[in-house]
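Descriptive analysis of the structure
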Amino acid sequence: MSSFLKVTNLCRYYDNVAAVQKINFEVNEGEFVALLGPSGCGKSTTLKMIAGLEQPDSGTIEIQGKNVLDRAPGKRNLSMVFQSYALFPHLSVKENILFGLKARKVPKPERQARLDKAVEMVGLGPHINKKPGQLSGGQSQRVALARSIVSNAPLCLMDEPLSNLDTKLRADMRTEIRSLQKQLGLTVVYVTHDQIEAMSMADKIILLNQGRIEQTAAPEHFYDKPLTTFVASFIGHPPMNLIPQADCVLGVRPEHVVIVGDGDIGANTGVEMVVKECDYQGSETIVTGEYSGAEIKACLAGKRSIDNGEVVKIRWEPAAEHRFSKQGGQRLKADG
Amino acid sequence: MANSLFPLTAYTIYSTMQSSKQIHAWLLLLPAMCLLVAFTHYPVVKTIARSFYGFGTRWESKPTLENYRYLLEDDVLMQVLYNSFLYAAITVPVSIVLAIAMALWVNGKLAGKGLLRTAYFTPTVLPMISVANIWLFFYSPEIGLLNKLLGLVGHGGINWLGDPSVALYSLMAMTIWKEAGFFMIFYLAALQTIDRNLYDAAAIENASSWTVFRRITFPLLMPTTLFVLVNALLNAFKLVDHLFILTKGGPNNASNLLLYYIFENAFSFFDTAYASALTVLLLVVLVVLALLQFGVIEKRVHYR
């Protein structure tokens, strides 16, 4: 199957500083792809270039097999949800949703039908005559989604759509967006800096760092087989412990570290760690300590309190080890 | 506090503090109040009183409506009122449209837009008297720039300020030239507060630039338009300086405006009583216009 969206060698410079450098990726029809990365990694710039709101310095963007670089944003057959929602403050919810259809001169009966469907899908029924200023964050978000739904565009670009919502609402909207996407068979490119959003929603994640792709893979690969130390230290709560060794960098996830003597089999086989801090988080306690000159975090179930300065023995299963090259931080093949 | 040295009851301390605070407050208000009363309130009251009690420059003992009755009979006043409203009806919308157009133009991506903004704004910083002198040079019949240009194409020239059918329009052109740049600054400031993302969202929807202007930019500029409209209308009735330089209301009152007519009555004909009645009329006109504007337009203005 040929890909729905194909980005080849995309580059963008601001004042000779590269924001995006030679990015390549493909998105299949109906796929949910997350562009993940810390702020300033070029993910939003990439999205804007796909939308046509910014022009790349080099590279191509193909949608459904056609190069769209010379097409205006409105002619690329896509919709976009903005971080700030970009709702028109003087128009009612209804007019906000209909804006695109009116601009595209869609006949009135069809407009009404599409409006009704979109409003029902996102549950905005009682609010369609309100102005954006009277809506809560979650409702504004739904208007932005409805605007995207009515357009009937097969490709939807989302630029950090949930970052202005509170934690609980964010979790609800994650599920909702994902189910809308499946229901409508939308192809989605979703920009986020939040790994939970990417992990829980996406079929495929593209992790960017300083304008380059670090890894492109399904969410579970990011957790099980990070390709670089950057990926390892970006994914996970808290991220992977990286311990410099003589010939490589050893990586172990905090949740795979156990304290010896916890009724644990294989006692007396661990290494010693000096405890520096215990951070209780409800279901678990994160114990921070020092081993071999590196900071180690261990996630332990329940509430634990260990005095600062106390020496404990820690261990992990050999299968939980990841190894990276000292130079460049690439994953070493040897450990599979 | 000095008061606390004396054995006073709580109540007297309270009331002393209250009255000392009161005196303090009044003292702080005093300088501004003196100026306001001397130069605003007293003249207003006196003007209204004179319009009822005055006759020429004298005061009558009994109130009379004679001055107001004469308002209705005064043919020159009718001419002046017609001029004033025509002057407002043309200069206000034209300068607003020009101001929006210029603001959109210099808000875009444009080489040398700083220079352009300054150029548009320059007429505003000039005093009206200097502006009138500059335009006198344009409008002069023999040596004026406009007629010289017309001469180049073989036209005999127009008596811009001397022809009764042209004089008022010549004044309007100059007023628009002066006012539009000033209003542009407000529109420019308002344009810069509009969220860029709205334009991105519109671009994604393939909205034409006319649709974007009609459905996004213009409605979001409405609060500014209301503000500018009120100011422009008030200015249309308040500006008078240029008449002294250019036409003195002539020829035959063809370019006379209400405020200049008041000046003429008060200081050329020395009929201060009638001038007072005219002033009250001007005041009423301005109040009614302001009420109309806020009442009608506010309903259609979007405030964030």
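Residues numbered from 1 in each chain as written. Chains lettered and ligands numbered in written order. Predicted model: local features only at pLDDT ≥ 70, side-chain atom pairs only at ≥ 80, totals over all residues.

Counting its secondary structure elements, chain A contains 8 helices and 18 strands. Taking the principal axes of its C-alpha atoms as reference, chain A extends roughly 75 × 45 × 40 Å. Expressed as a percentage of the 336 residues in chain A, the buried residues total 38%. (Helix = DSSP H or I, 4+ residues; strand = E, 2+ residues; numbered from the N terminus. Buried ≥ 20, exposed ≤ 12 C-beta atoms within 10 Å, placed from the backbone.)

Below, the discussion takes up the overall build of chain B. Helix and strand counts for chain B stand at 13 helices and 2 strands. Taking 19 Å as the expected radius of gyration for a compact globule of 304 residues, we find that chain B reaches 26 Å, considerably beyond that expectation. Taken over the C-alpha atoms alone, chain B extends approximately 95 × 65 × 35 Å along its principal axes. Counting the 304 residues in chain B, one finds 29% classified as buried. A fraction of 69% describes how many contacts in chain B between residues 6 or more apart in sequence connect residues 24 or more apart. (Rg over C-alpha atoms; globule rule 2.2 N^0.38 Å. Contact = placed C-beta atoms within 7 Å.)

Further remarks concern helix α5 (residues 128-139) of chain B. Residue and element names in this part refer to chain B. Look at α5: 16 Å from first C-alpha to last across 12 residues, which is about the 16 Å you get at 1.5 Å a residue. All of the buried residues in α5 are Val131, Ala132, Trp135 and Tyr139. Buried residues of α5 fall within an arc of 95° about the axis and therefore sit on the same side. Exposed residues pointing more than 90 degrees away from the buried face of α5 are listed as Ile129 and Phe137. In the core, the buried residues of α5 are packed alongside α4 (113-125), α6 (145-152), α7 (167-192) and α11 (241-246). (Expected span 1.5 Å × (residues − 1). Arc of directions from axis to C-beta.)

Turning next to the domain arrangement of chain B. Residues and elements named next belong to chain B. Taken domain by domain, chain B holds domain 1 (2-64) and domain 2 (69-298). One C-alpha centre belongs to domain 1, the other to domain 2, and the line joining them spans 38 Å. The partner domain 2 presents 8 residues to the 8 residues of domain 1 that form the contact. Of all the secondary-structure elements, those providing two or more residues to the side of domain 1 that touches domain 2 are α1 (10-53) and β1 (54-55). (Domains from an automatic or database assignment.)

So, about the sheet that holds strand β1 (residues 5-14) of chain A. Residue and element names in this part refer to chain A. Ordered in space as β2-β1-β4-β5, the 4 strands form an open sheet in which the pairing is antiparallel. Strands at the two margins of the open sheet, each flanked by one partner only, are β2 (17-27) and β5 (66-67). As defined by bridge partners, β1 adjoins strand β4 (residues 58-63) across 5 bridges and the pair is classed as antiparallel. Residue pairing across strands places Thr8 opposite Thr60, the latter belonging to β4. (Pairing = 2+ DSSP bridges.)

Residues and elements named next belong to chain A. With antiparallel pairing, 5 strands are arranged side by side in an open sheet as β13-β17-β14-β15-β16. Two strands bound the open sheet, and with one partner strand each, they are β13 (258-259) and β16 (294-301). Pairing analysis gives 8 bridges linking strand β15 (residues 284-291) to β16, with the strands arranged antiparallel. Pairing of Tyr291 across the sheet is with Ala294, part of β16.

Taken together, the 16 residues of chain B in the interface contact 18 residues of chain A. Only α8 (196-204) and α9 (209-220) of chain B provide two or more residues apiece to the side of chain B that touches chain A. A total of 6 residues in the side of chain B that touches chain A trace back to one element, the largest contributor, which is α8(B). In terms of residue class, the side of chain B that touches chain A is built from 8 nonpolar, 4 polar and 4 charged. (Nonpolar A, V, L, I, M, F, W, Y, C, P; charged D, E, K, R; others polar.)

This part covers unusual backbone geometry. All names here are of chain A. Omega for the bond connecting His237 with Pro238 falls within 30 degrees of zero, at -10°, which places this linkage in the cis form. By the secondary structure assignment, Pro238 is in the loop between α8 (229-234) and β11 (241-244). A positive phi angle, close to 70°, is found at Tyr85, a residue other than glycine. Along the chain, Tyr85 turns up in the loop between β6 (78-81) and α2 (93-103). The phi dihedral of Glu160 falls on the positive side, at around 45°, and the residue is not glycine. Its 20 C-beta neighbours within 10 Å are what place Glu160 among the buried residues.

So, about the domain arrangement of chain A. The domain architecture assigned to chain A consists of domain 1 (5-224) and domain 2 (239-335). The straight-line distance from the C-alpha centre of domain 1 of chain A to that of domain 2 of chain A is 38 Å.

Moving on, we come to the environment of Thr175(B). Residue and element names in this part refer to chain B. Structurally, Thr175 is set in helix α7. The exposure class assigned to Thr175 is buried, which follows from the 25 C-beta atoms found within 10 Å. Separated by 80 residues in sequence, Thr175 and Ser95 have C-alpha atoms that sit 8.5 Å apart. Setting aside its immediate chain neighbours within four residues, Thr175 contacts Thr91 and Leu239.

Bringing the packing of helix α3 (residues 75-107) of chain B against helix α10 (residues 222-238) of chain B into the picture now. Residue and element names in this part refer to chain B. The N-to-C vectors of α3 and α10 enclose an angle of 145°; their axes lie 9 Å apart at closest approach. In the packing of α3 onto α10, the handedness of the crossing is right-handed. Contacts between α3 and α10 involve Ser84, Tyr87, Ala88, Thr91, Val92, Ser95, Ile96 and Ala99 from the former and Thr225, Val228, Leu229, Ala232, Leu233, Ala236 and Phe237 from the latter. Looking at the contact of α3 with α10 residue by residue, the classes come out as 11 nonpolar, 4 polar and no charged. (Axes fitted to C-alpha atoms, helices over the stretch in contact; angles between N-to-C directions. Left-handed = near helix turned anticlockwise from the far one by under 90°.)

Time to look at the confidence of the model for chain B. All names here are of chain B. Mean pLDDT over chain B stands at 83; residues scoring 70 or higher make up 92%. Mean pLDDT per element in chain B: β1 is the minimum at 75, and α8 is the maximum at 92. In the model output, the complex is listed with pTM 0.78 alongside ipTM 0.84. (pLDDT = per-residue confidence, 0-100.)

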